[in-house]
Amino acid sequence: MKSMTLWQNCEVIEMYLSRVMLNLNKRDTIKALASSAIFHGAVESAFEGEKKRRLWRIDTLRGKRYILILSEDVPNLDGFAAQFGYAGEYETKNYDSLLERIENGSVWRFRLTANPTYAKSDGTGDKRGKVKAHRTEEHQREWLIRKADQNGFSVSNNDFSVNGAEFLRFRKRDNGNSRMVNMISVTYDGVLHVTDKERFKRALCCGIGREKAYGMGLLTVMRASNG
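These numbers come from a predicted model, not from an experiment. (Residues numbered from 1 in each chain as written. Predicted model: local features only at pLDDT ≥ 70, side-chain atom pairs only at ≥ 80, totals over all residues. Heavy atoms only, no water.)

**Student:** How would you explain the overall build of the chain if you had to name every residue and give the values?
**Tutor:** Helices and strands together make up the secondary structure of the chain, namely seven helices and 11 strands. Counting across all 227 residues of the chain, residues that qualify as buried make up 44%. Considering only contacts in the chain between residues 6 or more positions apart, those separated by 24 or more positions represent 71%. (Helix = DSSP H or I, 4+ residues; strand = E, 2+ residues; numbered from the N terminus. Buried < 20%, exposed > 50% of the residue type's maximum accessible area, 1.4 Å probe, protein only. Contact = heavy atoms within 4.5 Å.)

As structure tokens, then:
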């Protein structure tokens, strides 16, 4: 419940985007790539003080793997880079300059790794119903189009591709208890149009969809050449 409240209270404030290249030859990295709970704990350990929202995502670029981290404050990534990447090799940039360039009608290339789901009633009287994964590309596409409308931007089916979909299964340990987490991860790439810049900025800073603690929901953009 604390996590839900944390994300519901998300506001657009000063943000920082960090990137660490992962060393795929390290045993810790291999284990973490198989269990999002490990990366979640390592990301949280890079910050001091109270728990705040921190979005993160694993990216592949030109054959190399990176972790991106979006946060309210500057992380100390020395330990993270030494454990999962290359000692001392990481970068952190202020995100404000990008947020200031967001305008209604602007066009951006985007990437989003998300957990597309829906709620289906099981007939027991639970109004919300059980959360289930969208398994087909058609429904995954429909999910993004709906989320776009809610988050201040628009996309059509021809504007984006679904480049990766996989089911993740890992064990989460919390306060001495453990449980299995099962979820779907889908990566979208394409072009979007901003329709409501304030809602869109919130989406950039606060993420989209469920399972944000486990590498889902981080939307990143770069200006499209025709924008």
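**Student:** How would you sum up the packing of aromatic side chains? Please name residues and give values.
**Tutor:** Enumeration over the complete set of coordinates arrives at eight aromatic pairs. Between Phe160 and Tyr188, the ring centres sit 6.0 Å apart and the planes meet at 65 degrees, which makes this aromatic pair edge-to-face. Placement of the pair is Phe160 in strand E9 (residues 160–174) and Tyr188 in strand E10 (residues 177–194), with a sequence separation of 28 residues. As far as the burial class goes, Phe160 and Tyr188 line up, both buried. (Phe/Tyr/Trp six-rings, centres within 6.5 Å; stacked < 30°, edge-to-face > 60°.)

**Student:** I'd like a description of the side chain of Lys212, backed by residues and values.
**Tutor:** Position of Lys212 relative to the elements: it lies in the loop between helix H7 (197–206) and strand E11 (219–223). At 2.5 Å, the side chain of Lys212 and the backbone oxygen of Gly209 are in polar contact. (Polar contact = N/O pair within 3.5 Å; in protein donor to acceptor, adjacent residues only side chain to side chain.)

**Student:** Tell me about the sheet that holds strand E3 (residues 64–71), residues and numbers included.
**Tutor:** In space, the four strands of this open sheet follow the order E2-E3-E1-E4, with antiparallel pairing throughout. Pairing within the sheet leaves two strands with one partner each, and these edge strands are strand E2 (54–61) and strand E4 (91–94). The mean angle between the axes of side-by-side strands here comes to 20 degrees, regardless of whether they run parallel or antiparallel. Sheet topology places E2 next to E3; eight bridges connect them, and they run antiparallel. Residue pairing in the sheet places Trp56 in a bridge with Ile69 of E3. (Pairing = 2+ DSSP bridges. Axes fitted to C-alpha atoms, helices over the stretch in contact; angles between N-to-C directions.)

**Student:** Quick one: what's the story with the packing of helix H2 (residues 27–34) against helix H3 (residues 36–45), residue by residue and with numbers?
**Tutor:** The packing of two helices is summarised by the inter-axis angle and the distance between the axes. Contact pair H2 / H3: the axes reach a minimum separation of 5 Å and the direction vectors enclose 110 degrees. One finds that H2 runs roughly perpendicular with respect to H3. On the side of H2, the interface is formed by Lys31, Ala32, Leu33 and Ala34, while H3 contributes Ser36, Ile38 and Phe39. Grouping the constituent residues of the contact of H2 with H3 by class yields five nonpolar, one polar and one charged. (Parallel < 35°, antiparallel > 145°, perpendicular 65-115°, else oblique. Nonpolar A, V, L, I, M, F, W, Y, C, P; charged D, E, K, R; others polar.)

**Student:** Give me the lowdown on the environment of Glu137, citing residues and values where you can.
**Tutor:** You can see Glu137 is positioned in helix H6 (residues 137–150). The sequence separation of Glu137 and Val162 amounts to 25 residues, and the corresponding C-alpha distance is 7.3 Å.

**Student:** Describe the side chain of Thr220, listing the residues and the values that go with them.
**Tutor:** Tracing the sequence through the fold places Thr220 in strand E11. We classify Thr220 as buried; its relative accessible area is 13%. At 3.0 Å, the side chain of Thr220 forms a polar contact with the side chain of Arg57. Filtering out sequence-adjacent residues up to four positions away, Thr220 remains in contact with Arg57, Leu68, Tyr95, Arg109, Phe110 and Arg111.

All we've got here are geometric facts, nothing functional implied.
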